[in-house]
Amino acid sequence: MPAWLSDAVFYEIYPQSFNDTNGDGIGDIEGIIEKLDYVKELGCNAIWLNPIYDSPFKDAGYDVRDYKKVAERYGTNDDLVRLFDEAHKKDIKILLDLVPGHTSEEHEWFKKSCEADRNEFSDRYIWTDSAFCGIGGHPYIGGEAEREGCYMLNFFKCQPALNYGVLNKTEKWQLTPDHPSCIETREALKDIMRFWLDKGCDGFRVDMADSLVKEDDDDKSATGAIWTDIRKMMDRDYPDAALISEWCNPQCALKYGFHADFYLDHHGNGYNVLVRDCETEGGDHSYFKKDGGDDPERFLSDYLPRYEGSRKYGYISFITCNHDTPRVTKALDISEIKLAYAFFFTMPGVPFLYYGDEIGMKYLENVRTKEGGYQRTGSRSPMQWDKDQKNFGFSDAEADKLYIPMDSAADAPSVTEAKNDPDSIYYTVKSLIDLRHTYEDLQADASFKKVYSKKGERILVYRRGDLLLAVNPGASEVHVKTGDFEGNIMDVIAGDMIYGIGTTELTSGELVLGAQSFAVFK
Ligand code: NOJ
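Scoring rules and cut-offs
- Residues numbered from 1 in each chain as written.
- Predicted model: local features only at pLDDT ≥ 70, side-chain atom pairs only at ≥ 80, totals over all residues.
- Heavy atoms only, no water.
- Helix = DSSP H or I, 4+ residues; strand = E, 2+ residues; numbered from the N terminus.
- Rg over C-alpha atoms; globule rule 2.2 N^0.38 Å.
- Buried < 20%, exposed > 50% of the residue type's maximum accessible area, 1.4 Å probe, protein only.
- Areas by Shrake-Rupley, 256 points an atom, 1.4 Å probe, with all protein chains shown as cover.
- Lys, Arg positive; Asp, Glu negative; His and termini not counted.
- Charge placed at Lys NZ, Arg CZ, Asp CG, Glu CD.
- Contact = heavy atoms within 4.5 Å.
- Polar contact = N/O pair within 3.5 Å; in protein donor to acceptor, adjacent residues only side chain to side chain.
- Near = heavy atom within 4 Å.
- Salt bridge = Lys/Arg side-chain N within 4 Å of Asp/Glu carboxyl O.
- Pairing = 2+ DSSP bridges.
- Axes fitted to C-alpha atoms, helices over the stretch in contact; angles between N-to-C directions.
- Left-handed = near helix turned anticlockwise from the far one by under 90°.
- Nonpolar A, V, L, I, M, F, W, Y, C, P; charged D, E, K, R; others polar.

Trainee: Quick question: what am I supposed to make of the overall build of the protein chain here?
Mentor: Of the regular secondary structure elements, the protein chain holds 13 helices and 20 strands. The globule rule puts the C-alpha radius of gyration for 522 residues at 24 Å, and the 24 Å found for the protein chain is close to it. Seen along its three principal axes, the alpha-carbon backbone of the protein chain occupies a region of about 80 × 50 × 45 Å. In the protein chain, which comprises 522 residues, the proportion classed as buried is 61%. Element-wise, carbon and sulfur atoms account for 47% of the exposed surface of the protein chain, whose accessible area totals about 19,700 Å². A distance of 2 Å separates the average location of the 60 positive side-chain charges in the protein chain from that of its 92 negative side-chain charges.

Shown next, in the form of structure tokens:
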């Protein structure tokens, strides 16, 4: 386990929308280098960069055309290496996005794989032996290649699935994971990883990490075996590099070799019911909703088994949001968000802050889809640096050339305004991250233990290591007898003075949590 992960706080950068230094309306690597101090000042010590590889951008870069080349619109490979170097000088780690499950249909491997004559890449993708067959409801595409056969997709139509084999071979054209061609796919992936690790990247966020072996790999043991093999390479040759999965099943992902796994927004899961439960009938019952929010039990019943079942292997990553998820501002107001962040940044594991969430950027409704974003596009709009500058300081391009239009609302937040307002969400985030760096008991490894939560009650009291934390997201004051807690409660080390919301008081034998309050005691 790379030691730096235990105090890591990540900042996710969607490069298209962060900072444009060449005036083409799209962010670039130079723009990220320019803002490293900003990331550092916030307290983040690691960055996850969404794909920056050469791509036709039909899925925002998750359709990779060349894994070893930076897309021209972002700069050059040398620029990326410079970003690694500059970040390292500031003690910031950089994780790239690794897309192992599919390439773009424009990747050289796929072009070769489409050829009628057999070649080195014929089996790099999953092809049937007839252009007229479809298989078991899977999205196979035919009629596009000279080669006889249909190919399997992994996501969009432009993303043919790479061939790591099928577990349960029922057709003669299928290959099993131990077939030399499938092993070659795995080795090609390792080669890409080595290419960037040797240039100084600090690891990878792995896209659709569970999607490698097809057909009946239900317990994911065959896909997992590939990751275990890759982890061996990392432990041996790159022991300080991190591997973080988009899987949302930490019991599986961490056991097979990932250091951390994202807790993603899946309808009804523990993360979703905290802040994004808005699709449930009868209104938004998200735990952090001041009115109408639920008790913490729904969260705990989903989270605790994940946590207990995975903690000995690695970490769960809470996210404020990501490039696939509606920003929390869609459903929560600023005081609700501040409390939710207080929770996320004091939980075990490795937290991720999505760019712009530190200033409460909005989810933009009704923006036209961009690069396969569809409803995700509303969470990918350009960073708002300074309201008084053209395009909020994101780019010098004319408005119609911007990657996605800027938020045009009169109350669109910006970094400069947030920094001038001591009550802003920016300072909440900054203080929380600072608090986390100060107390080891708030970092990745310290244990989590539920202390008090009851069906129908809004309050949650829990321990992180020796610290006691309490949160009341509801609209009314709550009193709890401290006799219900084990251990001693001494000083309030964080409370209303940081968050500017509800007050917290500890009187003889009673914990009083004001409406919308959060406190840490030691
Ligand atoms: C998950 C990524 O986060 C998403 O943005 C992408 O479209 C799909 N995987 C396909 O790669």
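Trainee: It is not clear to me how the environment of T103 should be interpreted in this structure. Could you clarify?
Mentor: Inspection of the secondary structure puts T103 in the loop between β5 (93-98) and α4 (108-113). By relative accessible area, which is 0% here, T103 ends up buried. The sequence separation of T103 and R368 amounts to 265 residues, and the corresponding C-alpha distance is 25 Å. In contact with T103, other than residues within four places in its own chain, are V64, Y67, W109, F110, Y125, C158, Q159, P160 and L162. A polar atom in the side chain of T103 sits 2.7 Å from the side chain of Y125.

Trainee: Looking at this model, I keep getting lost on the site of the ligand. Mind explaining?
Mentor: All residues in the neighbourhood of the ligand are listed as D59, Y62, H102, F155, R205, D207, M208, E246, H323, D324, R376 and R380. With respect to the ligand, the side chain of R205 contributes an N or O atom lying 3.0 Å from an oxygen atom. Between the ligand and R376 there is a distance of 3.0 Å, counted from an oxygen atom to a side-chain nitrogen or oxygen. For the ligand, whose free accessible area comes to 300 Å², the fraction covered by protein is 98%.

Trainee: Even after reading the chapter, I still don't get the pattern of salt bridges, so can you show me in this structure?
Mentor: One side chain can pair with another of opposite charge once the charged atoms of both are near each other. Scanning the model with the defined rule gives 42 salt bridges in all. With its nearest N and O atoms 3.0 Å apart, the salt bridge here joins D54 to R65. Taken as a pair, D54 in strand β3 (residues 53-54) and R65 in the loop between β3 and β4 (66-70) lie far apart in primary sequence, 11 residues in all. By relative accessible area, R65 is classed as partly exposed at 26%.

Trainee: Hey, could you run me through the sheet that holds strand β8 (residues 203-206) in this one?
Mentor: Paired through backbone hydrogen bonds, the strands of a sheet run either parallel or antiparallel to each other. Strand order in the open sheet formed by eight strands is β11-β10-β9-β8-β5-β2-β1-β12, with parallel pairing between adjacent strands. Both edges of this open sheet fall to β11 (315-317) and β12 (352-354), since each of them pairs with a single strand only. Averaged over all adjacent pairs, the angle separating strand axes in this sheet is 25°, with direction ignored. Pairing analysis gives four bridges linking strand β1 (residues 10-13) to strand β2 (residues 46-49), with the strands arranged parallel. In the sheet register, Y11 faces β2, and the bridge partner there is I47.

Trainee: I'm lost on unusual backbone geometry in this one. Help?
Mentor: Among all residues except glycine, the phi angle is most often negative; among peptide bonds, the trans geometry is most common. Even without being glycine, F57 reaches a positive phi, approximately 55°. Among the residues examined, F57 registers a relative accessible area of 11% and is labelled buried.

Trainee: For this particular structure, what's the right way to read the packing of helix α5 (residues 180-198) against helix α6 (residues 221-237)?
Mentor: For any two helices packed against each other, the geometry comes down to the angle between their axes and how far apart the axes lie. Between α5 and α6, the shortest axis-to-axis distance is 11 Å and the interhelical angle comes to 35°. Seen along the crossing, α5 lies across α6 with a hand that is right-handed. From α5, R186, E187, L189, K190, M193 and R194 reach across to α6, where they touch I226, W227, D229, I230, M233, M234, R236 and D237. Considering only residue class, the contact of α5 with α6 consists of seven nonpolar, no polar and seven charged.

Note that all results are geometric; they support no functional claim without further evidence.
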